[in-house]
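# Observations on the model geometry
The lines below spell out each chain.
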Amino acid sequence: MTARKPTIDDVARLSGVARATVSRVLNDGPNVSDRMRARVAEAVEALGYQVNLQARFLAGGANRTVLLICASDTENEPNSYYQSALEIGALRVSAQTGFELVTHTLAQGGGDVVRRILHLVDDSRCCGVILTPPFSDWTDLSSALVERDATTVRISPGDPASAGAAVGMDDEAAGYALARHLLDRGHRRFGFIQGLAEHLSAEQRFRGTRRALDEAGLDADALLAVRGNFTFRAGVELLPGLIAGANPPTAVVCANDDTAVGALFAAHRDGLDVPRDLSIASFDDTPVSALVWPPLTTVHQPIQEMASRAMRIIAAARTGKAAGTLPAHEYLPFSIVERHSVGAPSR
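Owing to the predicted nature of the structure, the values given are computational and were not obtained by experimental measurement. (Residues numbered from 1 in each chain as written. Predicted model: local features only at pLDDT ≥ 70, side-chain atom pairs only at ≥ 80, totals over all residues. Heavy atoms only, no water.)

### A word on the packing of helix α2 (residues 19-26) against helix α3 (residues 34-47)
Cut-off, in case you're wondering: Axes, fitted as lines to C-alpha atoms, cover a helix only where it is in contact. Angles between the N-to-C directions of the axes lie from 0 to 180 degrees. Only DSSP runs of H or I covering at least 4 residues are called helices, and only runs of E covering at least 2 are called strands; the numbering of each starts at the N terminus. Here the angle decides the label: under 35 degrees means roughly parallel, over 145 means roughly antiparallel, 65 to 115 means roughly perpendicular, and every other value means oblique. Contacts are assigned to residue pairs with any non-hydrogen atoms lying within 4.5 Å of each other. Any residue that is not Ala, Val, Leu, Ile, Met, Phe, Trp, Tyr, Cys, Pro, Asp, Glu, Lys or Arg is counted as polar, Gly included; the first ten are nonpolar and the last four charged.
It is at 10 Å that the axes of α2 and α3 come closest, and there the two elements cross at 85 degrees. When the axes of α2 and α3 are compared, the pair comes out roughly perpendicular. Between α2 and α3, the residues in contact are Val-22, Arg-24, Val-25 and Leu-26 and Arg-37, Val-40 and Val-44, respectively. Residue classes in the contact of α2 with α3 are distributed as five nonpolar, no polar and two charged.

Here it is as structure tokens:
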């Protein structure tokens, strides 16, 4: 046998006020004195009463579904952590606020992907959408979602000046900071394994690296770049060619951790000592970055926190607590996690 959960009527009886007054207090409604609010709060605490958020939404006839739209490339392995971190961050807040999170993964190529996303939104009658790269950069898509009254939050858009709110880190500043970290250790020749060109936020990481090298007085030849696709395979296949020249880079920056782990594998396979012969650094600070040897120096991107913040923005907008006050673009802080894959150049 389990104890009966306290109800709103129990709170009303213990606090000595009407049920309607308790409801107004719990919903932060008007026309309730501070003394009444205090009595209700004391009763709530004494009884251990918890608001049934799902019942509240159902009673109000509001849809509480939020779609998390993620991209995948069916020709390659998925990112090992990025999507799951977004889901974890959003789910934590949805559980607290009474919203339901539904994740959809779509191939980012193809001419009908926008139509498919809009069909998912129309079919679910969702109240909010979280768009991840590269979908967060598609201005026509975000505008169409806003027109459908779906509160839209874009994760890490390259161009924040678009419809809907946006949450991310300053990728250009992160690329700059990581390059400065390598410059401070004496590196003057760099390689960069980029991600997909359609992911504009990742492209900003490269621009930040280029800016740091320009400020250090290095010419364009000091940075060799090759195009990858954020995968382990890209790092394995692209690193050998990147460092094959007569005057190869002493440090290689990768667009994300998965690519860096692949590059680290290729370095070990070819007999290079990391970081004595080659330093490798990356972005995201996913769990794998600390598990490989040597563990990777990487930029910590607050992936879970970005999704949590996106979910809170939607919850506030749909419950009336922040209606019409969506933030244009919020930057969450990043940091460089120093590990053993970066050292001073030996030549």
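### Overview of the sheet that holds strand β9 (residues 279-284)
In any sheet, the strands associate via hydrogen bonds between backbone groups, in a parallel or an antiparallel arrangement. Under the convention used in this document: When DSSP finds two or more bridges between two strands, those strands count as paired.
The mixed open sheet is built from six strands, whose spatial order is β7-β6-β8-β9-β10-β12. A single partner strand is all that each edge strand has here, and the edge strands are β7 (223-227) and β12 (335-337). Taking the axes of each pair of neighbouring strands and ignoring which way they run, one obtains an average angle of 20 degrees across the sheet. Pairing geometry for strand β6 (residues 190-194) and strand β8 (residues 251-254), over four bridges, is parallel. Paired with Gly-191 across the strands is Val-252, a residue of β8. The strands touched by helix α11 (residues 257-269) within the sheet are β6, β8, β9 and β10 (297-300), with β9 carrying the most contacts at an inclination of about 160 degrees.

### Things to note about helix α9 (residues 200-215)
Put simply, the rule reads: Under the convention used throughout, the expected extent of a helix is 1.5 Å for every residue step, that is, one less than its residue count. Working definition: with a 1.4 Å probe on protein chains only, accessible area under 20% of the residue-type maximum means buried, over 50% means exposed, and in between means partly exposed.
For α9, spanning 16 residues, the distance from its first C-alpha to its last is 23 Å, which sits close to the expected 22 Å at 1.5 Å a residue. Those residues of α9 that fall on the buried side of the exposure criterion are Ser-201, Ala-202, Glu-203, Gln-204, Arg-205, Phe-206, Gly-208, Thr-209, Arg-210, Ala-212 and Leu-213. Residue Gly-217 follows α9 closely and has a positive phi angle near 85 degrees.

### Looking at the pattern of salt bridges
Threshold: By convention in these notes, a salt bridge is any Lys or Arg side-chain nitrogen within 4 Å of a carboxyl oxygen on Asp or Glu.
All chains considered together, the criterion is met by 17 salt bridges. For Asp-171, the salt bridge identified is with Arg-205, shortest N-O distance 2.8 Å. Taken together, the residues Asp-171 in helix α8 (residues 171-184) and Arg-205 in helix α9 connect sequence positions 34 residues apart. In this structure Asp-171 comes out as buried when scored by relative accessible area, which is 1%. Close ionic contact of Asp-214 with Arg-210 constitutes a salt bridge, the shortest N to O distance being 3.1 Å. Here Asp-214 pairs with Arg-210, and both are found in helix α9, just four residues apart, close to one helical turn. Each of the salt bridges in this network shares a partner with another, and the network as a whole consists of Asp-171, Arg-205 and Asp-284.

### Looking at the packing of aromatic side chains
So the rule is basically this: Pairing of aromatic side chains requires ring centres within 6.5 Å, counting the rings of Phe and Tyr and the six-membered ring of Trp. Pairs whose planes differ by under 30 degrees are stacked, by over 60 edge-to-face, and all others tilted. Whether a charge lies above a ring is judged from NZ of Lys or CZ of Arg, which has to be within 6 Å of the ring centre and within 35 degrees of the ring normal.
Scanning all chains against the criterion turns up three aromatic pairs. Pairing Phe-192 with Phe-206 gives two aromatic rings, centres 5.1 Å apart and planes at 90 degrees, and the pair type is edge-to-face. Highlighted residues: Phe-192 in strand β6 and Phe-206 in helix α9, separated in sequence by 14 residues. Overall, the relative accessible area of 18% leaves Phe-206 in the buried class. When the centroid spacing of 5.9 Å and the interplanar angle of 55 degrees are considered together, the rings of Phe-232 and Phe-265 count as tilted. Placement of the pair is Phe-232 in helix α10 (residues 232-242) and Phe-265 in helix α11, with a sequence separation of 33 residues. Exposure remark for Phe-232: the relative accessible area of 34% places this residue in the partly exposed category. On the accessibility criterion, Phe-265 (43% relative accessible area) is partly exposed. In this structure, Arg-211 packs its charged tip against the face of Tyr-176, placed 4.0 Å from the ring centre.

### Quick notes on the nonpolar core
Selection rule: The definition of a nonpolar core used throughout is a set of buried Ala, Val, Leu, Ile, Met, Phe, Trp, Tyr and Cys residues joined through side-chain atoms within 4.5 Å.
By size, the foremost hydrophobic cluster in this structure holds 26 residues, and its most contacted members are Val-66, Leu-86, Ile-130, Val-153, Ile-155, Ile-303 and Met-311. Elements with a minimum of two residues in this core: β1 (65-72), α5 (82-97), β4 (151-155), β5 (165-168) and α13 (303-318). Element by element, the count of residues in this core is highest for α13, at eight residues. With residues near it in sequence (within four places) discarded, Ile-155 still touches Tyr-82, Leu-86, Ile-130, Leu-131, Thr-132, Pro-133, Ser-136, Val-167, Met-306, Ala-307 and Ala-310.

### Quick notes on helix α7 (residues 139-147)
The line we're drawing: Relevant arc is that of directions from the helix axis to the C-beta atoms, nothing else.
Listed in full, the buried residues belonging to α7 are Leu-141, Ser-142, Ala-144 and Leu-145. On an axial view of α7, the arc spanned by its buried residues comes to 160 degrees, and they lie on one face. Summarising the geometry of α7, the exposed residues directed more than 90 degrees from the buried face are Asp-140 and Glu-147. Looking at the buried residues of α7, the elements they touch are α6 (113-124), β3 (128-131) and β4.

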